[in-house]
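# Residue-level structural notes
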Amino acid sequence: MKPAAKHHWAILTDVTKCIGCESCVEGCRGANHTGRDQPWTWQNGVRDLSASRWTTIDRLPGNHYVRRQCRHCVSPACASACPVGALKKTPEGPVVYDASICMGCRYCMMACPFQIPRYSWDSAIPAVRKCVLCHDRIESGEAREPACTSACPVDATIFGTREELLKVAKQRIAANPNVYRSHIWGEHEAGGTGILTISDVDIPLPNTVPTDPLPERTWAALRTVPFVFLGVGAGMVGLRWLLGRRDQLRLAEEKARAAEASAEKSEE
Amino acid sequence: MEDWLAIARGPAFRFAIMIMILGALRDLIVTALSVHTIMARAGDKTLPLRAIRKATLGWLFPLEHLRQSRVFTAASITFHAGVVLAPLFLMSHVLLIDQAIGLSWPTLPNILADILTLGAIVGMTVVFVLRVSTGEGWALSRGSDYTILILTTLPFLSGFLVMHPGLNPFPFQATMLVHVLSGCLILAILPFTKLIHVVILPATQLVSEAGWHFPPDAGEKVGAALGKENQPI
Amino acid sequence: MNDQGSTRLRVAKGALWFFVGVAAVVAVARFLAGLGAVTNLTDRTPWGLWIGFDVMGGVALAAGGFVIAATVYVFRGERFRPLLRPAVLTAFLGYMAVAVGLLFDIGRPWNIWRPMFFWQHHSALFEVAWCVMLYLTVLALEFAPVPLESSRFHRLTKALKSATLPLVILGIMLSTLHQSSLGTLFLIAPARVHPLWYTPILPVLFLITAVGLGMGMVIVESKVTAWLYRRKAEDEILNNLTKPLAVTLLLYGAVRLIDLLVRGQGGFLFDGSWESTLFWFEMLISAGLPTLLILGGFTARSGRALFFVGLLVVFGFVLHRINVGGVSGIGLTDTGYFPSWEEVATSLGVVSAATLAFLFIIERFHVYEPGTEEVLAEAEVTVDRVRYLPPMATLRSSTMLFVIGASLAFALLPDGLVFGARPEKTPVAGPRRVLAELVSQDRPPHRFMKLDLDAERVGGDIHEALLLDGNRNGEFAVFDHDAHAKRRGGAAACADCHHLNRPSDRETSCFECHRDQYLETDIFRHQRHVESLGGNGACAECHTDLNATRTRKNVTHCTECHRDMVGIGLKALIPPPGKDSDFHAPSYTDAMHGLCKKCHDEEDEKAGVTIPTLGLCGTCHTEPADLRPRRSRTVKED
């Protein structure tokens, strides 16, 4: 039995507090051994997320810094898209990845509405790369919170359960309604995400992040599969029988008519 | 000029070497398959293997021929020795291959490489002159024989000049470009021309012998094809 | 069906072998070096041509199998039976091509069997994988009697033939699911499919297009083989297909337009964007024009019009799938994806291999009805037709083209892919004399530098400038070196820039312009030295022993001539004589973090200096974030 989404692990990032120091980025790099940033020609600067940079800081005009990482959706499109279950939503909340199962179809990258998963394109044995909320490190007791939140010098990004952090977010907004936008990014986007953000500016999300959980859209079609399968089978068998019967009857009729005609002829 | 040289050494060379390797392999395979099909169809399936072996060895180590036409054979042997040994075992070439793919093998001293190169150039000149001047040579040669002979000499001449810049009246880079490109050209035309003898020479005697073994009903088919059935030919 | 000597057939086979050759080499490169090395795929466009064309298109082209099978067995259209075997064969090979294309595209192809054992019924791709697998098996069993009937496995053949009907029905069931599940694939990615194409009924649309495609493909395939083998095409039978085809096309057009209006996205139809143009183009060639040609009676009159209709339908519907699969999302995701030549070559190669297999099979087995072949050939039996062809003439010319294709591909692969990473050439070309026009009086003066080969003749403010191509994209920036040096205070200030500390820089990190910071650089230019030292005669200036092999390891060291440069870092970049000097400068990042910083740290410590020195990142990393010392480093506070 999965615990309810409210007990999921979560991260709350407060844009008003972030000083853009990228300590979280370096902390993540060290803890997850992601390697050093390699600039690709198509990257928007090295600052963009990449296989070797699982979290990054977007710089908005006016010295606003917005942290970007995997959002660990409550119903993740990537995990539902994965045909082999290499990506899966753990009961604790993080969406984790098992490279040994992955067949490299990259459907998760297509499915993610936030366009987060990255791929190690330069490797002959490539893998999907994204934040896993330090799931293995916390589960094994090696750490008590993700490397990024523990690295933050100003507590701009903090770790907790989703329920708890939502409460914190609401308190902060209520305490300073003139500073914060009255919106918690991640509360409802794509059916709710594990990464919550409060901010004094609007955070541009990749074009159309929907408010409904995306897996539902596929499921609406996939749900009908067994019925369609059997229905088509039955329909085809039935049609064949029906049309065969029609031909048979017509043949019999023709034969009878021919017999009649020949009988008439012989009478004459 | 540097860019041209980079293209010649990079893509052009890769194209040439790949054409040579794959093309030669393909020729070997197709040749083997052809002999097999011919023999399968042939009415008379016996091949004089001993005679074929003798003839093949006679062409691979042409000591017999040395006795028959002394100058021509000697020149040809010098030419072939230089053409094969000098480029394969030149230290600069081995170093390039080592840098590129990490393979290396023993090399010739530069002075010996120079002698072999000059030998190849002189040998080729003598062969050329004899082909033009003697009656049999003239009769047996086609235009392509002369062209290929000259083309083969080009990389050796330019290579020698590159190695000895003091003797070289042309700009260094230009000479190098001619050297690399002509070398590539030789490699690239190898599978399409008589140069293919470097790989299929051991099989030529077998192939030509097999070629004389016709299918059982070959004669009738020729008659039918010419529209002269039942006529004495 | 054996007409190996026909020229058009040999040309066609040669071309197909050529593409297979190119693809073979690219395949090796792809599996050794990874997807990034040969494709233009990025994190923003994770699916490219291989999915869009090979998988989406390949499955589409295979639709003929189930459509004709259904017509013959379920709808009792016995007159279509001559089309059945070629259609099933096309479908089988089409699916094989899809499977091979997938092996290329997925990152870890050795895990391709996993969907069989790790069930994820929520994933549309899981359904696709199962359908491909099962339908491929069904098609193989359906077609197996053809090659088997001339073998000695009579009982097996008989058993398979008696199972045809259940197999056909199973095939139809699987095809229905499979064709539609390709549409389902994109339901989860509304952000990647333009609203003109994205609809919850994508699965239904894909099923309808599959039926249309099936009929179109049968027409095309029959006409092409007829042309290749100088065979008489089954025009009368094919014409019977046009009426149901027209109905399918009309249904498709109606469903799409109605769906658009119901979803309220009709506004996109006439907004003049390139997507709307693409939509109308797609609708015109897939549904509009073919319907008009059929209803106007053109196809009944002319075999050519029939072929043209088939071609339009196939091209139009494959375009629809490619559009859904990525093209329509280009504007939404703001990506500049265009397939690399390697991707195109691989797609062509896979299709070519499938076509060659098709030709191979129809030449050897009874796929087409006898009696339709050699109709034209009869009239042409002359002496010329039995001209001597050496054994395996087709094989000879075909394999030669394979070799040429493979070699060409090998030549065109990037150097780095073949030989491993190499140091880049120095990005500095120049110096040139350029026209400098002053465009502002601000301090520092901004100049507009104009590269003009006739600078001297034109006159004006002529400067000596360097041409820099920092990111090696072939576009040079004209850099007024003298002006910079002067402004920074003459020769003493070289180090200001030659340590890449850009003046007054507070916002940009160095690497945002200087991506080459990560690239090892070849800082020696041979040609310039040859030229400036006086041509061939001067070789001995550096290569003192002319008999030794002239390599970079075996030569007079730079610093022996350039004594004046020792002081400003050349020594640090080039290993001293005797060591492994290859004149490659390490990348700036390596230099700073590996070479420079260490010594600077030590020297600072000796001198008791703390700030500001190179030893602290903050001297170079000038962003507020970077000014704080890293936690891993202890900084002396006193």
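For the structure, check the block above.
What comes next is a walk through the structure. (Residues numbered from 1 in each chain as written. Chains lettered and ligands numbered in written order. Predicted model: local features only at pLDDT ≥ 70, side-chain atom pairs only at ≥ 80, totals over all residues. Heavy atoms only, no water.)

Assigned secondary structure in chain C consists of 29 helices and 7 strands. Residue burial in chain C is summarised as follows: out of 638 residues, 48% are buried. A separation of at least 24 residues holds for 72% of the contacts in chain C among residues at least 6 apart in sequence. Summed over its atoms, the accessible surface of chain C is roughly 30700 Å², and 64% of this surface lies on carbon and sulfur atoms. (Helix = DSSP H or I, 4+ residues; strand = E, 2+ residues; numbered from the N terminus. Buried < 20%, exposed > 50% of the residue type's maximum accessible area, 1.4 Å probe, protein only. Contact = heavy atoms within 4.5 Å. Areas by Shrake-Rupley, 256 points an atom, 1.4 Å probe, with all protein chains shown as cover.)

Residues and elements named next belong to chain A. Applying the stated criterion across every chain, the model contains 0 disulfides over all chains. With no disulfide partner, C18 has as its closest neighbouring cysteine sulfur the one in C24, 6.5 Å distant. Accessibility expressed as a relative area gives 14% for C18, which makes it buried. In this structure C82 is not part of a disulfide, and its nearest cysteine sulfur, from C105, lies 6.1 Å away. (Disulfide = S-S within 2.5 Å.)

A few words now on the environment of L28 of chain B. Residue and element names in this part refer to chain B. Inspection of the secondary structure puts L28 in helix 1 (residues 2-41). For L28, a relative accessible area of 39% gives the class partly exposed. Spatially, the C-alpha atoms of L28 and A210 are 15 Å apart, while their sequence positions differ by 182 residues. In contact with L28, not counting residues within four places along its chain, are V199 and I200.

With that settled, consider the packing of aromatic side chains. The tally for this structure, following the rule as stated, stands at 14 aromatic pairs over all chains. Ring geometry for Y107 of chain A versus W47 of chain C: centroids 5.4 Å apart, planes at 15 degrees, classification stacked. Remark: W47 of chain C occurs in the loop between helix 2 (35-38) and helix 3 (49-61) and Y107 of chain A occurs in helix 3 (residues 107-111); the pair is interchain, linking two chains. Taken as a pair, Y107 of chain A and W47 of chain C share a single burial class, namely buried. Members of the aromatic cluster, joined through ring pairs, are Y107 of chain A together with W47 and F186 of chain C. When the ring centre of F114 of chain A is taken as reference, the NZ or CZ atom of R71 of chain A above it lies at 4.8 Å. (Phe/Tyr/Trp six-rings, centres within 6.5 Å; stacked < 30°, edge-to-face > 60°. Lys NZ or Arg CZ within 6 Å of the ring centre and 35° of its normal.)

The next point concerns helix 4 (residues 64-74) of chain C. All names here are of chain C. With 11 of 11 residues buried, helix 4 is to be regarded as a mostly interior element. Within helix 4, burial applies to G64, G65, F66, V67, I68, A69, A70, T71, V72, Y73 and V74. Downstream of helix 4 by one or two residues, R76 has phi in the positive range, about 60 degrees.

Turning our eyes to something else, we now look at the interface of chain C and chain A. Contact residues are listed per partner, giving 67 residues for chain C and 72 residues for chain A. Carbon and sulfur atoms supply 60% of the area that chain C and chain A bury against each other, a total of about 6400 Å² over both sides. Together, D43, R108 and I188 of chain C form the three largest contributors to the area buried by chain C at its contact with chain A, with a combined 13%. Between D105 of chain C and R106 of chain A there is a salt bridge, with the nearest N and O atoms lying 2.9 Å from each other. Counting only elements with at least two residues in the side of chain C that touches chain A, the list comes to helix 1 (7-33), helix 2, helix 4, helix 6 (124-143), helix 9 (164-184), helix 15 (330-333) and helix 22 (510-513) of chain C. Considering every element that reaches the side of chain C that touches chain A, the biggest residue donor is helix 9 of chain C, with 9 residues. (Buried area = accessible area lost by both parts, 1.4 Å probe. Salt bridge = Lys/Arg side-chain N within 4 Å of Asp/Glu carboxyl O.)

Below, the discussion takes up the pairing of strand 9 (residues 195-198) of chain A. Residue and element names in this part refer to chain A. Of the two faces of strand 9, the one carrying I195 and T197 and the one carrying L196 and I198 are both buried. Here strand 1 (residues 9-14) runs beside strand 9; their pairing, made up of 4 bridges, is parallel. Among the inter-strand pairings, L12 is bridged to a residue of strand 9, identified as L196. (Pairing = 2+ DSSP bridges.)

With that out of the way, let us pick up the interface of chain C and chain B. Across the contact, 35 residues belong to chain C and 36 residues belong to chain B. Counting each side, the surface lost to burial between chain C and chain B is near 3100 Å², with a carbon and sulfur contribution of 62%. Interface area lost by chain C to chain B is led by Q527, N536 and T549 of chain C, which between them contribute 19%. There are 0 salt bridges connecting chain C and chain B. Those elements giving two or more residues to the side of chain C that touches chain B turn out to be helix 17 (393-412), helix 18 (415-419) and helix 23 (526-533) of chain C. Per-element accounting of the side of chain C that touches chain B gives the leading share, 12 residues, to helix 17 of chain C. Considering only residue class, the side of chain C that touches chain B consists of 21 nonpolar, 8 polar and 6 charged. (Nonpolar A, V, L, I, M, F, W, Y, C, P; charged D, E, K, R; others polar.)

With that out of the way, let us pick up the packing of helix 8 (residues 143-163) of chain B against helix 9 (residues 172-189) of chain B. Residues and elements named next belong to chain B. Running from amino to carboxyl end, helix 8 crosses helix 9 at an angle of 150 degrees, the nearest separation of the two axes being 8 Å. As summarised for this structure, helix 8 and helix 9 are arranged roughly antiparallel, according to the angle between their axes. Like other packed secondary-structure pairs, helix 8 and helix 9 cross with a definite hand, here left-handed. Contacts from L151, T152, L154, P155, S158, G159, L161 and V162 of helix 8 reach helix 9 at F172, T175, M176, V178, H179, S182, G183, L185, I186 and I189. Grouping the amino acids of the contact of helix 8 with helix 9 by side-chain chemistry returns 11 nonpolar, 7 polar and no charged. (Axes fitted to C-alpha atoms, helices over the stretch in contact; angles between N-to-C directions. Parallel < 35°, antiparallel > 145°, perpendicular 65-115°, else oblique. Left-handed = near helix turned anticlockwise from the far one by under 90°.)

We now examine the environment of E187 of chain A. Structurally, the position occupied by E187 of chain A is in the loop between helix 6 (162-175) and strand 9. Once you skip the residues sitting within four places of it in the chain, E187 of chain A turns out to touch R162, L166, K170, G192 and L196 of chain A.

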